[in-house]
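# Working through the structure, step by step
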Amino acid sequence: MMRTKLVAGNWKMNKTLTEAMEFAVSLQEHRDELPDGVEVMIAPPSLYLVPMEMVKDPVYELAAQNCSQHSFGAFTGEISAAMLSEMRVRYAIIGHSERRQYFHEGDTLLARKVDACLLHGIKPVFCVGENLEERQEKRHFITVLHQLEHGLYHLSPAQMADVVLAYEPVWAIGTGVTASSDQAQEMHAFVRQSLASHVGEATANRVRILYGGSVNASNSADLFACPDVDGALVGGASLKVHEFIRIIRSAAGL
Ligand code: PGA
């Protein structure tokens, strides 16, 4: 089963508007260097989604970094999937470890956010991953399984087919320590097997599982060579346009 590789940049709370637009323009100028058959996604701060969707014939899909579980209403400071869906936003990152940790987003809430996205035609990029202690105590599979069960396993196979997964071990995020390709492949295969037992093999084989955590242009090729690694969710290295382009190219084996 051929899954289109997806290279996703998660900018987190970085860049000024000027820098964001310079990046977008620069990526467009280098479009000849971008390989066919690799999907590119950028998740800028939500304030920049509108100007970034104005770029003509963009080479990237846009994603929100979060969204509300509600569609509309008195929820000061929130942005909903209903609002995102009116724009050219195709994805929303749900359950990033920073949201889980700093904003106390738990499994029940995240399952509702996934539902809100799907209801409004936004594809959730659902993040799972263990922390260092869980890895050291060899509880990483149990942790990830728990996150999948509570966040996603209420979905039908048809709904699951619209989900992208991201395995992001917390100990690898922003630390410069990436998981080895063996560690990534082992977990990705485990996740796919678990998906298969819930929604069937055909759907599980369609779902893309990204790896995230200190991905850069030097380690991406090894990760992308793993059979169950279908792309990457890139933080720090997605802020530099040339490095991001190198990562995208490596997803096509270039
Ligand atoms: P990083 O972040 O690439 O800077 O480790 C990845 C992420 O948090 O998605």
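To be clear, the structure that these remarks concern was listed above.
Structure report, in brief. (Residues numbered from 1 in each chain as written. Predicted model: local features only at pLDDT ≥ 70, side-chain atom pairs only at ≥ 80, totals over all residues. Heavy atoms only, no water.)

### Points about the overall build of the chain
If you tally the helices and strands in the chain, you get 12 helices and 8 strands. Over its C-alpha trace the chain gives a radius of gyration of 17 Å, about what one expects of a compact globule, namely 18 Å for 254 residues. Taken over the C-alpha atoms alone, the chain extends approximately 45 × 45 × 35 Å along its principal axes. With 254 residues in all, the chain has 54% of them scored as buried. Counting only contacts in the chain whose residues sit at least 6 apart along the sequence, the fraction spanning at least 24 positions is 73%. Working note: accessible area of the chain is about 11500 Å², and carbon and sulfur atoms make up 52% of it. (Helix = DSSP H or I, 4+ residues; strand = E, 2+ residues; numbered from the N terminus. Rg over C-alpha atoms; globule rule 2.2 N^0.38 Å. Buried < 20%, exposed > 50% of the residue type's maximum accessible area, 1.4 Å probe, protein only. Contact = heavy atoms within 4.5 Å. Areas by Shrake-Rupley, 256 points an atom, 1.4 Å probe, with all protein chains shown as cover.)

### Observations concerning the packing of helix α7 (residues 140–151) against helix α9 (residues 181–199)
The geometry of α7 relative to α9 is characterised by a closest axis approach of 11 Å and an angle of 40° between their N-to-C directions. Judged by the inter-axis angle, α7 sits oblique to α9. In this structure, α7 meets α9 at a crossing whose hand is right-handed. On α9, the residues that touch His140, Phe141, Val144, Leu145 and Leu148 of α7 are Glu186, Met187, Phe190, Val191 and Ser194. For the contact of α7 with α9, the per-class residue count stands at 7 nonpolar, 2 polar and 1 charged. (Axes fitted to C-alpha atoms, helices over the stretch in contact; angles between N-to-C directions. Parallel < 35°, antiparallel > 145°, perpendicular 65-115°, else oblique. Left-handed = near helix turned anticlockwise from the far one by under 90°. Nonpolar A, V, L, I, M, F, W, Y, C, P; charged D, E, K, R; others polar.)

### A word on unusual backbone geometry
The backbone of lysine 15 sits at a positive phi, close to 80°, despite the residue not being glycine. Along the polypeptide, lysine 15 turns up in the loop between β1 (5–10) and α1 (17–29). Judged by relative accessible area, which is 21%, lysine 15 ranks as partly exposed. Despite not being glycine, serine 214 has its phi angle at roughly 60°, a positive value. For serine 214, the location among the structural elements is in the loop between β7 (209–212) and α11 (220–224).

### Things to note about the site of the ligand
Taken together, 13 residues form the shell around the ligand, and within it Lys12, His96, Glu168, Gly174 and Ser214 come nearest. Note that an oxygen atom of the ligand is positioned 2.7 Å from one of the side-chain N or O atoms of lysine 12. When the ligand sits alone it has 290 Å² of accessible area, and the protein chains cover 95% of it. Across the shell around the ligand, the residue classes tally to 4 nonpolar, 7 polar and 2 charged. (Near = heavy atom within 4 Å. Polar contact = N/O pair within 3.5 Å; in protein donor to acceptor, adjacent residues only side chain to side chain.)

### Description of the nonpolar core
By size, the foremost hydrophobic cluster in this structure holds 67 residues, and its most contacted members are Tyr60 and Leu152. Here tyrosine 60 is in contact with Ala24, Leu27, Gln28, Val40, Ile42, Met52 and Val55, once residues within four sequence places are set aside. In this structure, Leu6, Ala43, Leu210 and Leu233 belong to the second largest nonpolar core, which totals 13 residues. (Core = buried A, V, L, I, M, F, W, Y, C linked by side-chain atoms within 4.5 Å.)

### Some details on α7
Taking 1.5 Å per residue as the helical rise, α7 with its 12 residues ought to reach 16 Å, and the 16 Å between its terminal C-alpha atoms agrees with that figure. Those residues of α7 not exposed but buried are His140, Thr143, Val144, Gln147, Leu148 and Gly151. Viewed end-on, α7 has its buried residues packed into an arc of 130°, placing them on one side of the element. (Expected span 1.5 Å × (residues − 1). Arc of directions from axis to C-beta.)

### A closer look at the sheet that holds strand β2 (residues 38–43)
Ordered by their spatial adjacency, 8 strands build a closed barrel running β1-β2-β3-β4-β5-β6-β7-β8, and the pairing between neighbours is parallel. Strand after strand, the sheet turns through a mean of 25° between neighbouring axes, direction not considered. (Pairing = 2+ DSSP bridges.)

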